[in-house]
Amino acid sequence: AVVSTQSTGDVFSRGFATRRMLAQSVVRCIGQALGHPELKERFTEHEFSTLGLRRYPAGTGGRLTELEHEDSTVTILSTFQNPGLEALYGDKFWDVPPSGEGFIVNIGTLIEDITDRRVKAVRHQVRQIEKERYSIPFFFNPSFDADIGMSLTGKRTRAGERHKIFGEWMREYLPGVEPGLLGKTT
């Protein structure tokens, strides 16, 4: 057996930094591809970005362990050799191949909104499999005070109908996807 002398904190710090760099590159590439390199300016602080460890218990019957949903902005996901992630394409959910030693990138609803729907959010769900498994999601989010009220072309966004800045939006969104946070439960 190999024994690591690295602390869990060091491993997670390096994992966070790697995923943050990848997510920054994704945002930069989206902005450049759409002719709006200023998109990256909305992500300068990204203080709401989080790295998590998700455990999915073993089960049978193919029940969902995460219901159908879209993430908020950019998610960098490690599923290792574990199946179960499904993405909606057309009107059907399809198996997403495990990430192996790489990453899966999910685009979320705010990126779709800010890009005037030129980049589509990935609707997905997680199906239970017969073995316990883990995944590591990294949720890359804009700066607290990033303007989400207007798209890159100056149009009012769906999020902007209720909130001008990301922090306001997140305060409403987060308890819905992570019950118990911010003192609210569903």
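*Asks:* What is the right way to look at the pairing of strand β6 (residues 92–95) in this model?
*Replies:* The side chains of a regular strand alternate, first on one face of the sheet and then on the other. Bridge analysis of strand β5 (residues 85–89) against β6 gives four bridges, and the strand direction is antiparallel. Residue pairing in the sheet places Y89 in a bridge with K92 of β6. Hairpin remark: β5 followed by β6, antiparallel, with two residues in the connecting loop; positive phi at G90, about 70°.

*Asks:* Mind showing me how you'd approach the packing of aromatic side chains here?
*Replies:* How two aromatic rings sit relative to each other is given by the distance of their centres and the angle of their planes. Per the counting criterion, the structure on display carries six aromatic pairs. Between F48 and F144, the ring centres sit 5.8 Å apart and the planes meet at 25°, which makes this aromatic pair stacked. In this pair, F48 sits in the loop between α1 (8–33) and β1 (50–51) while F144 sits in the loop between β9 (133–140) and α3 (166–177), placing the two residues 96 residues apart along the sequence. Taking the relative accessible area as the measure of exposure, F48 reaches 26% and is therefore partly exposed. Members of the aromatic cluster, each reached through a chain of ring pairs, are F16, F43, F138 and F140. The ring of W94 has K92 sitting right over it, with the charged end atom 4.1 Å from the ring centre. Residue placement shows R133 over the ring face of Y56; its charged tip is 4.8 Å from the ring centre.

*Asks:* Would you explain the side chain of Q128 in this entry?
*Replies:* In this fold, Q128 is placed in the loop between β8 (124–127) and β9. Given the relative accessible area of 8%, Q128 is considered buried. Dropping the residues within four chain positions of it, Q128 is found in contact with P57, A58, G59, T60, G62, R63, T65 and R133.

*Asks:* How do you make sense of the sheet that holds β8 when you look at a structure like this?
*Replies:* If you walk across this open sheet you meet the four strands as β3-β8-β5-β6, and the pairing is antiparallel. The sheet is open, and its two borders are formed by β3 (64–69) and β6, each paired with just one other strand. Going across the sheet, the axis of each strand differs from the next one's by a mean of 30°, ignoring polarity. As paired strands, β3 and β8 are joined by three bridges and run antiparallel to one another.

*Asks:* Explanation requested: the pattern of salt bridges in the structure shown.
*Replies:* Scanning all chains against the criterion turns up ten salt bridges. Of the charged contacts in the structure, one is a salt bridge between R123 and E68, with a shortest N-O distance of 2.7 Å. Here R123 is found in the loop between α2 (109–114) and β8, whereas its partner E68 is found in strand β3, with 55 residues between them in sequence. Accessibility expressed as a relative area gives 27% for R123, which makes it partly exposed. Taking the relative accessible area as the measure of exposure, E68 reaches 38% and is therefore partly exposed. Note that R117 is salt-bridged to E112, the shortest N-O span being 3.0 Å. In this structure E112 comes out as buried when scored by relative accessible area, which is 6%. Among the charged side chains, a salt-bridge network with shared partners connects E112, D113, R117 and R158.

Definitions and limits used
Residues numbered from 1 in each chain as written. Predicted model: local features only at pLDDT ≥ 70, side-chain atom pairs only at ≥ 80, totals over all residues. Heavy atoms only, no water. Pairing = 2+ DSSP bridges. Helix = DSSP H or I, 4+ residues; strand = E, 2+ residues; numbered from the N terminus. Phe/Tyr/Trp six-rings, centres within 6.5 Å; stacked < 30°, edge-to-face > 60°. Buried < 20%, exposed > 50% of the residue type's maximum accessible area, 1.4 Å probe, protein only. Lys NZ or Arg CZ within 6 Å of the ring centre and 35° of its normal. Contact = heavy atoms within 4.5 Å. Axes fitted to C-alpha atoms, helices over the stretch in contact; angles between N-to-C directions. Salt bridge = Lys/Arg side-chain N within 4 Å of Asp/Glu carboxyl O.

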